[in-house]
Amino acid sequence: MRVCPKCGKQFTGEERFCSRDGTALVSASAAAGQLGDPLINSLLRGRYRIKRRLGEGGMGSVYLAVQETIDRRVAVKVLRDEFTKQVGTVRRFLREALACSKLDHPNIVSVFDFGRDDQGHYFLVMELVEGASLIDVIGKAGRLSVPRSVLILDQVLSAAAAAHEGGIVHRDLKPENVICTSGRGNSEHVKVLDFGLAKIVGEDRKSGRLTQEGFVVGTPEFMSPEQAWGRQVDNRSDLYSIGVIAYE
């Protein structure tokens, strides 16, 4: 049995997406696993009521939460406990907030708040984007038409251009980090997220650099050759990744 993590509807067939809201289904065991999560129903920083887990990544989990003071639904990324004592990982996690807070663009997910709560949880509060990741869109629709592909890629390129103008290289552009939503007039609107591996251009010349030659971060299938070799990267590395996204 599979369950929609958004609305809770259960499915017993071969469905991969919820017929009610289009959300990718998860196994019943994965849905039940949230019951033992101590963060569920907790109040983070006295402001954000954690409702349920939306997904997990290499560095942490993302939750649906409500900012109770203004009744706003948000997405909260919380760093895994095992990483909170790793100074470099914490700094890299907080750098995502710094990188995104410098960007104001309709195709980039906004960051509202970040920091560390009284229980030692490092967190990042972002706008909640309700839609499907590009990897799920491709999985459901198959090969996309040229006009639709161009519409999506144009917005991804626009987001990358804004980041590059702000001196930021994403370094982990891939279909999973591109969210497709409904825009005005039923058009498809794209949001780029997860700047967790973002590189602020010029930071390596400062003390306390967070990356070094020979150290590889990112997703192998979408890395530029220089990134895979652990060499210094610039804006062109993101363009290479977008080329791979276009191929997908």
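Only a predicted model underlies this, so the values are computations on that prediction, with no experimental measurement involved.

(A) Structural context of helix α4 (residues 146–165). The end-to-end C-alpha distance of α4 is 28 Å, a good match for the 28 Å that 20 residues give at a rise of 1.5 Å each. Of all the residues in α4, the buried ones are Ile152, Leu153, Gln155, Val156, Ala159, Ala160, Ala162, Ala163 and His164. For α4, the secondary structure elements touched by its buried residues are α3 (134–141), β11 (168–169), β12 (178–182), β13 (188–192) and α6 (235–247). Two to three positions downstream of the cap, the backbone nitrogen of arginine 148 sits 3.3 Å from a side-chain oxygen, assigning the N-cap of α4 to serine 145. Remark: glycine 167 follows α4 within two positions and exhibits a positive phi of approximately 80°.

(B) Spatial organisation of the side chain of serine 61. Mapped onto the secondary structure, serine 61 falls in strand β6 (residues 60–67). Residue serine 61 is classed as buried on the basis of its relative accessible area, which comes to 9%. Once residues within four sequence positions are removed from consideration, serine 61 is found in contact with Arg53, Gly55, Glu56, Val76, Lys77 and Val78.

(C) The arrangement of the packing of α4 against α6 in detail. The N-to-C vectors of α4 and α6 enclose an angle of 170°; their axes lie 11 Å apart at closest approach. As summarised for this structure, α4 and α6 are arranged roughly antiparallel, according to the angle between their axes. Note on element contacts: α6 touches α4 through Asn235, Asp238, Leu239, Ile242, Ile245 and Ala246, opposite Leu153, Val156, Leu157, Ala160 and His164. Of the residues contributing to the contact of α4 with α6, the split by class is eight nonpolar, two polar and one charged.

What counts as what
- Residues numbered from 1 in each chain as written.
- Predicted model: local features only at pLDDT ≥ 70, side-chain atom pairs only at ≥ 80, totals over all residues.
- Heavy atoms only, no water.
- Helix = DSSP H or I, 4+ residues; strand = E, 2+ residues; numbered from the N terminus.
- Expected span 1.5 Å × (residues − 1).
- Buried < 20%, exposed > 50% of the residue type's maximum accessible area, 1.4 Å probe, protein only.
- Contact = heavy atoms within 4.5 Å.
- Polar contact = N/O pair within 3.5 Å; in protein donor to acceptor, adjacent residues only side chain to side chain.
- Axes fitted to C-alpha atoms, helices over the stretch in contact; angles between N-to-C directions.
- Parallel < 35°, antiparallel > 145°, perpendicular 65-115°, else oblique.
- Nonpolar A, V, L, I, M, F, W, Y, C, P; charged D, E, K, R; others polar.

Everything listed here is a matter of geometry and, on its own, says nothing about what the molecule does.
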